[in-house]
Amino acid sequence: MTESGRIRVLMAKAGLDGHDRGVKVVARALRDSGIEVIYTGLHQTPEQVVAAAVQEDVDAIGLSLLSGAHMTIFPRILDLLKSEDAGDIVLFGGGTIPDPDVAELKKAGVAELFTPGSSTLDIVDWVRNNLQHKSHASA
Amino acid sequence: MASEPSLLVASALSGNRRAAGRLISMIEDDAPQVEQIMRAVYPHTGNAYLIGFTGPPGAGKSTLVDELVRVVRTSDQSVGIIAVDPNSPFTGGAILGDRIRMMRHATDPQVFIRSMGARGHLGGLAVAAQNASFLFDAMGMSLVLVETVGVGQSELEIAEMADTTVVVMPPGFGDGVQAIKAGIMEIADIFVVNKADDPMASKAVSDIRDVLRMDLEHREWTQPIVRTIATSAEGLEDLWMRIQQHRGYLEQSGELRRRRRARIEREIMRIAERKLLERVLQPRTESQEFETMLDLALEHRMDPYAVADHIVSFRDGR
């Protein structure tokens, strides 16, 4: 990857969920693989997450959810991305999400979900293999 | 989303934030379309006032900027923010976390916050920040705030680009000698000692004052030292007043015009140098003749100055 084609990822925590160790570990692993990570901190609304993603023009949003609200918040972010003309921003995530919910969220448009036991290397590999910085692609 | 630069610019100028975000990415990547973008943007610029914030990590710059945005928004001015954080020198990756302090403004349609990594800009960070600030200006932002971790060369370049430069110091940054050698004193129009409830804050204020007294150069503008506690919004109205006073001084003294003239001159020279490099020098280094001279220089039969003279001279008719 050239220096000018750096991948940018927004890492976010949404809703009433104060557990940010996981998201920070993943943010750090992504940073160490050469990705620019924008971290927005705890307790964000879906609206804030999407507004930040649009302003930062990220290639993807990585959402960490350990609160059980995943069936509400993931679809809400997908909807907001579409209405902001930003449906091309990839949404992936991680957290304590039961398998049936994983399947349903993926069907709804979440690109990938990493559940407990996933290694950070798997996440980094997935990001690097599935995201491409777009700015030049359409030049 | 359309990627035609002129359409993107038109869209951004009519308020589409998605388009604005894309344009800043192109600016950051130094994409081939940047010239076309900036030529479409520039006619709409000239109304924004640019304030730079610099200082060591942990001084409280992001929190201060966040609070200042709150103050400014009460007067309904729109604000563009460029927040620069360092990249890893080893991987090029970065964790850009300035936004964490500013998320309450995330959904405000009159505020646009953009994080930038300090490294990895082929055209230089200052160029990317300058061009992004031109875009904010063209979008109708009345204020552009640029926040950088100081002090390095790129931070100085950003200070050169600001109308008003605010240097933010934490208490206990060191003694007066640190302040003299830091090189940061010269660029400040306004000093802020943040975390002013810390017992070391008074010492920081007196250290800065001592250093300013040693300055033998006559200045028409006396650099004020403002105490703030950004986390509880104390001193922010005072800071905003000082910024406006400095702006008033710049406007009345003609210094604003001088600063902006110097800025646009640097900008033009930078663009001209690059065009000269791309159009004139680079083609000449792609000749067999140049390769031969490289070998001669390597064998110490020709000196590097003579080779350089040869490629910059026009005697071969090109």
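Keep in mind it's a predicted model, so treat the numbers as computed, not measured.

Conventions adopted
- Position numbers for residues count from 1 along each chain, tracking the sequence in the order it is written.
- Chains carry letters and ligands carry numbers; both start at the beginning, A for chains and 1 for ligands, and go up in the order they are written.
- Local features in this predicted model are restricted to residues whose pLDDT is 70 or higher, and side-chain atom pairs enter the listing and the counts only when it is 80 or higher, whereas totals over whole chains, interfaces and linings include all residues.
- Side-chain measures here rest on the full set of heavy atoms in the structure, leaving out hydrogens and waters.
- Salt bridge criterion: a side-chain nitrogen from Lys or Arg within 4 Å of a carboxyl oxygen from Asp or Glu.
- Helix and strand definitions here come from DSSP, where helices need a minimum of 4 consecutive H or I residues and strands a minimum of 2 consecutive E residues; each element is numbered from the N-terminal end.
- The rule is simple: take the accessible area with a 1.4 Å probe, protein chains only, and divide by the maximum for that residue type; under 20% is buried, over 50% is exposed, in between is partly exposed.
- Throughout, nonpolar core names a set of buried Ala, Val, Leu, Ile, Met, Phe, Trp, Tyr and Cys residues whose side chains join them through atoms within 4.5 Å.
- An automatic or database domain assignment is the source of the domain bounds shown.
- Directions pointing from the helix axis toward each C-beta atom define the arc.
- Residues are treated as being in contact if the distance between any of their heavy atoms lies within 4.5 Å.
- When two parts are put together, the accessible area they lose, computed with a 1.4 Å probe and summed over both, is reported as buried area.
- Polar contact criterion, stated in full: a pair of N or O atoms within 3.5 Å, where within protein one must be able to donate a hydrogen and the other to accept it, and residues adjacent in sequence count only if both atoms are side-chain atoms.
- Throughout, the ten residues Ala, Val, Leu, Ile, Met, Phe, Trp, Tyr, Cys and Pro are labelled nonpolar, Asp, Glu, Lys and Arg are labelled charged, and all others, Gly among them, are labelled polar.
- Strand pairing is assigned whenever DSSP identifies at least 2 bridges connecting the two strands.
- Pairs were defined over the aromatic rings of Phe, Tyr and Trp, the Trp ring being its six-membered one, requiring ring centres within 6.5 Å. Orientation was assigned from the angle between planes: stacked under 30 degrees, edge-to-face over 60, tilted for the rest.
- Here, axes are lines fitted to C-alpha atoms. For helices the fit covers the stretch in contact, and angles between N-to-C directions go from 0 to 180 degrees.

This part covers the pattern of salt bridges. All names here are of chain B. In the structure shown here, the tally under the stated rule is 37 salt bridges over all chains. Two residues, Arg 258 and Glu 255, come together in a salt bridge whose shortest N-O distance is 3.1 Å. Residue Arg 258 and its partner Glu 255 are both found in helix H10 (residues 255-284); the two are separated by three residues, about one turn of the helix. Put simply, Arg 301 and Glu 299 hold a salt bridge, and the shortest N to O gap is 2.7 Å. Accessibility expressed as a relative area gives 62% for Arg 301, which makes it exposed. Overall, Glu 299 belongs to the partly exposed group, its relative accessible area being 44%.

Residues and elements named next belong to chain B. By size, the foremost hydrophobic cluster in this structure holds 36 residues, and its most contacted members are Leu 23, Val 41, Ile 82, Met 116 and Phe 136. Elements with a contribution of two residues or more to this core: helix H1 (5-13), helix H2 (17-28), helix H3 (34-41), strand S2 (79-85), strand S4 (111-117), helix H5 (125-138), strand S5 (143-149) and helix H6 (153-161). Broken down by element, this core gets its largest block of residues, nine residues, from H5. Residue assignment places this core across two domains, with domain 1 (1-37) and domain 2 (45-253) each supplying three or more.

A word on helix H5 (residues 120-130) of chain A. All names here are of chain A. Every buried residue of H5 is accounted for by Ile 123, Val 124, Trp 126 and Val 127. Considered in projection along H5, the buried side chains sweep an arc of 160° and stay on one side of the axis. Residues Leu 121 and Asn 129 are exposed on H5 and point more than 90 degrees away from its buried face.

Turning our attention to the domain arrangement of chain B. Residue and element names in this part refer to chain B. For chain B, the assigned domains are domain 1 (1-37) and domain 2 (45-253). If you average the C-alpha positions of domain 1 and of domain 2, the two centres end up 26 Å apart. The interface is formed by 12 residues belonging to domain 1 together with 18 residues belonging to domain 2. Its largest share of buried area at the contact with domain 2, domain 1 owes to Arg 17, Ile 24 and Glu 28, together 50% of the area lost on that side. Counting across the interface, domain 1 meets domain 2 through one salt bridge. Of the charged contacts, one joins Arg 114 and Glu 28 as a salt bridge, the two residues approaching to 3.3 Å between their closest N and O atoms. In this assembly, domain 1 and domain 2 are joined by five residue pairs in polar contact (both at pLDDT 80 or more). The set of elements that each furnish at least two residues to the side of domain 1 that touches domain 2 consists of H1 and H2. Here the side of domain 1 that touches domain 2 is built from residues that sort into seven nonpolar, two polar and three charged.

With that settled, consider the environment of Ser 115 of chain B. Assignment of secondary structure puts Ser 115 of chain B in strand S4. Its relative accessible area of 1% is what places Ser 115 of chain B among the buried residues. Residues Ser 115 of chain B and Leu 64 of chain B lie 51 residues apart in sequence; the distance between their C-alpha atoms is 16 Å. A polar contact is formed between the side chain of Ser 115 of chain B and the side chain of Glu 56 of chain A, at a distance of 2.7 Å.

Attention now goes to the pairing of S5 of chain B. All names here are of chain B. For S5, the buried fraction is high: six of the seven residues fall into the buried class. Note: strand S1 (residues 49-55) against S5, seven bridges, orientation parallel. Among the inter-strand pairings, Leu 50 is bridged to a residue of S5, identified as Val 144.

Residues and elements named next belong to chain A. For the coordinates displayed, the defined rule picks out five aromatic pairs over all chains. With a centroid separation of 6.1 Å and 75° between ring planes, the pair formed by Phe 114 and Trp 126 is classed as edge-to-face. With Phe 114 in strand S5 (residues 112-114) and Trp 126 in helix H5, this pair connects stretches of sequence that are 12 residues apart. By relative accessible area, which is 13% here, Trp 126 ends up buried. Among the aromatic residues, ring-to-ring pairing joins Phe 92, Phe 114 and Trp 126 into one connected group.

Attention now goes to the sheet that holds strand S1 (residues 8-13) of chain A. Hydrogen bonds between backbone atoms are what pair the strands of a sheet, whose relative direction is either parallel or antiparallel. Read from one edge of the open sheet, six strands run S5(A)-S4(A)-S3(A)-S1(A)-S2(A)-S3(B), paired in parallel fashion. At either end of the open sheet lies a strand with only one pairing partner, and these are S5 of chain A together with strand S3 (94-96) of chain B. For this sheet, the mean angle separating the axes of adjacent strands, direction not counted, is 25°. Alignment of strand S4 (residues 90-95) of chain A against S5 of chain A, held across three bridges, turns out to be parallel. Residue pairing for S5 of chain A: Gly 94 of chain A is matched across the bridge by Phe 114 of chain A. Against the sheet, helix H1 (residues 21-32) of chain A contacts S1, strand S2 (36-39) and strand S3 (60-65) of chain A together with S3 of chain B, and its axis sits at roughly 170° relative to S1 of chain A.

Glancing now at the interface of chain B and chain A. At the junction of the two partners, chain B supplies 37 residues and chain A supplies 36 residues. At the junction of chain B and chain A, the tally comes to six salt bridges. The closest approach of N and O atoms between Glu 56 of chain A and Arg 114 of chain B, which form a salt bridge, is 3.9 Å. Inspection of the region where chain B meets chain A yields 22 residue pairs in polar contact (both at pLDDT 80 or more). Broken down by secondary-structure element, the contributors of at least two residues to the side of chain B that touches chain A are H2, S3 and S4 of chain B. With seven residues, the single largest contributor to the side of chain B that touches chain A is H2 of chain B. Looking at the side of chain B that touches chain A residue by residue, the class counts come to 14 nonpolar, 14 polar and nine charged. Note: S2 of chain A against S3 of chain B, three bridges, orientation parallel. Among the inter-strand pairings, Val 37 of chain A is bridged to a residue of S3 of chain B, identified as Ile 95 of chain B.

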